[in-house]
Amino acid sequence: MAARIWAKMGTGCPSRWLRGWHLSPGLPGSRLAHVGVADRLQREYDAVVIGAGHNGLVAAAYLQRAGVRTAVLEKRHVLGGAAVTEEIVPGFKFSRASYLLSLLRPQIYTELELQQHGLRVLPRDPYSFTPLLEDRSPPRSLLLGHDMAQTQQQIAQFSQKDAQAYPEYEAFMGALVSALDPLLDAPPVDTAALGQGSLLQRLKALQALRPLLQAGLALGSQLPRYYEVLTAPISKILDQWFESEPLKATLATDAVIGAMASPHTPGSGYVLLHHVMGELEGRRGAWGYVAGGMGALSQAIACAAAARGAHIFAEKAVSSVLLGRDRRAQGVVLQDGTEVRSKLVLSNASPQITFLELTPQEQLPKDFIQRIRQADTRSPVTKINVAVDRLPSFLAVPNACNGQPLPHHQCSIHLNCEGTHLLHQAFTEATQGHPSSRPMIELCIPSALDPGLAPRGCHVVSLFTQYTPSVLAGGQPWDEQARNAYADTVFDCIEAYAPGFKASVIGRDILVPPDLERIFGLPGGNIFHGGMSLDQLYFARPAPSYSGYRSPVPNLYLCGSGAHPGGGVMGAVGRNAARVALEDFRRL
């Protein structure tokens, strides 16, 4: 089964189509009919964007905003890449892959007027809930929110010392995030350009150093401590601040989520920072749900692009990048043989798909191809989308009699996080080719804040779980039996914290790493288009000397998460790549 779904209900509702767009039933989107989506694909544009993931849509919006005639070509029936809403079980609308929003750059909200195009974000406060399994009634739990006094009271259950240290820790990490923030909105420094060209060109290249210098100045005398955060295992950093295991394990989840890494892996501190770099409504580090699911964000960006005249098409799979005799990109070829000419080609696909599948290999340097092949794309993630007929009731905080959501139901609910040793144990099992016997689980219930996602009284549950290896021990396939066995393990774990959960399940959608690769084009199932380790960031993303969105093929650009600053629903790659491509376009 393509979707790895079982359900207690019948077949789904029929699809609805709008000028080549698939709109999940109930999603805001019918207004797009009059904002410039093309009825027919033209044979020539100024720019073609491969893939309608959120970064590709952002790039298209900025290019079209600058007057560059742009087409976006998406292979799936639905726009958004991993930021989609899909009705997997009838009546239940899931954010099937990505499921939370925080990292989207604030400039994109305002410059693309996303609120005017229908985007509505539902902030969460409190935002983190960690129930414990322990021999006491009721078991304790840790609830974190934006009210610092209340959060300190929660932490004090486990350690008064940690409760006192927590505000200072938050300020320390906040200062580092603020210092690194400017680096997200500019290409990495082109070190080769600093020593090439005319004096004027060299001076222009020096201007690219400004964000890096700003970051260094902002860190000041604390630079050695912050360097340690970026390079050390997150367990070492958290041990310096705190003593209580539930707090350390809860915070460590942000350092390993989506990464084939343990809290004891050097460099895991940066991944934590990457996940606290965002903001919602001016609040640093806040995360929220998109009303209507993550697909509503992609719809808003697409609407912004289409309103300016961009042409956006679903079910238009690109088979290759078209090169001219001068070896410059000059368009794309679709799977049906159609050629679409353009002066610029931007790829929202992963570096592996872009350069190993779509681009003629003989046109690429051998060392570049080797770098792309050798990139670490291991994924620990299995995403399970679940339809339930009632809210989970946790032993630590039982449900109200009326069945209405309580504050903790809106949170990211961390299970099997009593201590960092459990996360390391789950990681170790996966490195040996075995799915974790006690996996790290982040459980979210977006319908607690957005009830329209599910039928009355029912809910959608997102389970972001790890660790599951891409390749099982002994080369065993991820067949139906293996998928269901792992999902059953996850459900057994949830049942221990929230008895009755398994009986509430109506249907489930299991996406192991090979599914994430096949459906969403994520290399190895990696949600970031490649690991976010220090050796694959900034200058080295996707490869040294090619971190500035330009590729070895002139007029071909990378605008997906495999480029700087990396993964997450951030949009920075799309915005930055569009600006670089636009600069080159003006010289053509």
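What counts as what
Within every chain, residues take consecutive numbers counted from 1 along the sequence as written. Local features in this predicted model are restricted to residues whose pLDDT is 70 or higher, and side-chain atom pairs enter the listing and the counts only when it is 80 or higher, whereas totals over whole chains, interfaces and linings include all residues. Excluding hydrogens and water, the side-chain values take into account all heavy atoms of the structure. Among buried residues, the Ala, Val, Leu, Ile, Met, Phe, Trp, Tyr and Cys ones that are joined through side-chain atoms within 4.5 Å form a nonpolar core. The buried label goes to any residue with under 20% of its type's maximum accessible area, the exposed label to any with over 50%, and the partly exposed label to all in between, with areas taken from a 1.4 Å probe on protein chains only. Helix and strand definitions here come from DSSP, where helices need a minimum of 4 consecutive H or I residues and strands a minimum of 2 consecutive E residues; each element is numbered from the N-terminal end. Should any heavy atoms of two residues lie within 4.5 Å, those residues are considered in contact. Whenever a carboxyl oxygen of Asp or Glu lies within 4 Å of a side-chain nitrogen of Lys or Arg, that contact is scored as a salt bridge. The length a helix should cover is 1.5 Å for every residue beyond the first. Between the N-to-C directions of two axes lies an angle of 0 to 180 degrees, each axis being a line fitted to C-alpha atoms and, for a helix, fitted only over the stretch in contact. Should the near helix be turned anticlockwise from the far one by less than a right angle, the crossing is left-handed, and should it be turned clockwise, the crossing is right-handed. Stacked, tilted and edge-to-face pairs are distinguished by plane angle, under 30 degrees for stacked and over 60 for edge-to-face with tilted covering the rest, among Phe, Tyr and Trp rings (Trp via its six-membered ring) whose centres lie within 6.5 Å. Charge over a ring is defined by NZ of Lys or CZ of Arg lying within 6 Å of the ring centre and within 35 degrees of the ring normal. Strands pair, by our definition, only if DSSP identifies at least two bridges between them. By definition, the arc is the one covered by directions from the helix axis to the C-beta atoms. Throughout this description, a polar contact denotes any pair of N or O atoms lying within 3.5 Å of each other; where both atoms belong to protein, one of them has to be capable of donating a hydrogen while the other can accept it, and for residues adjacent in sequence the pair is counted only when both atoms sit in side chains.

Asker: Can you tell me about the nonpolar core, naming the residues and giving the values?
Answerer: Within the largest apolar cluster, 76 residues are counted, with the highest numbers of intra-cluster contacts made by Leu101, Leu114, Leu297, Val332 and Leu346. Ranked by residues supplied to this core, first place goes to helix 11 (residues 294-307) with 9 residues. Excluding its chain neighbours within four sequence positions, the residues that come into contact with Leu297 are Leu101, Leu104, Leu114, Leu119, Val290 and Val569. Formed by 74 residues, the second largest nonpolar core is a distinct cluster that contains Tyr226, Leu230, Met260 and Val271.

Asker: Tell me what's going on with the pattern of salt bridges, and back it up with residues and numbers.
Answerer: For the structure shown, the criterion picks out 26 salt bridges. The salt bridge partner of Asp239 is Lys248, with a shortest N-O separation of 2.7 Å. The network of salt bridges with common partners includes Arg76, Glu86, Arg96 and Asp509.

Asker: How would you explain helix 11 if you had to name every residue and give the values?
Answerer: Structural remark: α-helix, 3.6 residues per turn; residues separated by three or four positions point the same way. Here helix 11 contains 14 residues, and its C-alpha end-to-end distance of 20 Å stays within 8% of the 20 Å for a straight helix at 1.5 Å per residue. Counting buried positions along helix 11 yields 13 of 14 residues, so the element is predominantly enclosed. Gly309, located one to two residues past helix 11, shows a positive phi value of around 115°.

Asker: Tell me about the packing of helix 8 (residues 234-241) against helix 9 (residues 245-256), residues and numbers included.
Answerer: Look at helix 8 against helix 9: their axes get within 10 Å of each other, and the N-to-C directions meet at 145°. As for the relative orientation of helix 8 and helix 9, their crossing is right-handed in sense. Residues Ile234, Leu238 and Asp239 of helix 8 form the contact with helix 9, whose own contacting residues are Lys248, Leu251, Ala252 and Ala255.

Asker: So what's going on with the packing of aromatic side chains? Residues and values would help.
Answerer: For the structure shown, the criterion picks out 13 aromatic pairs. Each ring, one from Phe172 and one from Tyr226, has its centre 4.5 Å from the other, and the planes form 20°; the classification is stacked. Of this pair, Phe172 sits in helix 4 (residues 160-180) while Tyr226 sits in helix 7 (residues 223-231), and the two are 54 residues apart along the sequence. Residues Phe172 and Tyr226 agree in their burial class; the two are buried. Taken together, the ring pairs connect Tyr166, Tyr169, Phe172, Tyr226, Trp241 and Phe242 into an aromatic cluster. Sitting over the ring of Phe491, Arg508 keeps its end group 5.0 Å from the ring centre.

Asker: Explain the environment of Phe313 residue by residue, including any values.
Answerer: Structurally, the position occupied by Phe313 is in strand 14 (residues 311-313). For Phe313, a relative accessible area of 5% corresponds to the buried category. For Phe313 and Ile50, which are 263 residues apart along the polypeptide, the C-alpha to C-alpha distance reads 10 Å.

Asker: Go over the pairing of strand 9 (residues 128-131), please, and point to the residues and values.
Answerer: Of the two faces of strand 9, the one holding Ser128 and Thr130 and the one holding Phe129 and Pro131 are both buried throughout. Pairing analysis gives 2 bridges linking strand 9 to strand 19 (residues 412-415), with the strands arranged parallel. Counted as the bridge partner of Phe129 is Ile413 from strand 19. The sheet contact formed by strand 9 and strand 10 (residues 141-144) spans 4 bridges and is antiparallel. Within strand 10, the residue paired with Ser128 across the bridge is Leu144.

Asker: Give me the lowdown on unusual backbone geometry, citing residues and values where you can.
Answerer: Of note, the bond from Arg541 into Pro542 is cis; its omega dihedral lies within 30 degrees of zero at 5°. Checked against the element boundaries, Pro542 lands in the loop between helix 17 (513-520) and strand 23 (556-558). For the bond from His564 to Pro565, the omega torsion is 5°, close enough to zero to count as cis. Mapping Pro565 onto the fold places it in the loop between strand 23 and helix 18 (572-585). Notably, Glu113 is not glycine yet its phi reads approximately 50°, a positive angle. With respect to the secondary-structure elements, Glu113 resides in the loop between helix 2 (106-111) and strand 8 (121-123). Classification of Glu113 as partly exposed rests on a relative accessible area of 37%. At Tyr538, a position not held by glycine, the phi torsion is positive, near 50°. Structurally, Tyr538 is set in the loop between helix 17 and strand 23.

Asker: Which residues make up helix 7, and what values go with them?
Answerer: All of the buried residues in helix 7 are Tyr226, Val229 and Leu230. Seen from one end, helix 7 has its buried residues packed into an arc of 95°, which puts them on one side. Projecting away from the buried face of helix 7 at angles above 90 degrees are the exposed residues Pro224 and Tyr227. Each element contacted by the buried residues of helix 7 is listed here: helix 4, helix 6 (210-219), helix 8 and helix 10 (268-275).

Asker: Describe in detail the side chain of Ser159, supporting the description with residues and values.
Answerer: Secondary-structure assignment places Ser159 in the loop between helix 3 (148-156) and helix 4. A residue is classified by how much of its surface remains accessible, and Ser159, at 4% relative accessible area, is buried. Among the polar contacts made by the side chain of Ser159, one reaches the main-chain amide nitrogen of Lys161 at a distance of 3.3 Å. Excluding anything up to four places from it in sequence, Ser159 contacts Glu243 and Ser244.

Asker: Report on the environment of Ala306, specifying residues and quantitative values.
Answerer: Its place among the elements puts Ala306 in helix 11. A relative accessible area of 1% means that Ala306 is categorised as buried. Separated by 183 residues in the primary sequence, Ala306 and Thr489 place their C-alpha atoms 44 Å from one another.

Any functional reading would require information beyond the geometric quantities listed.
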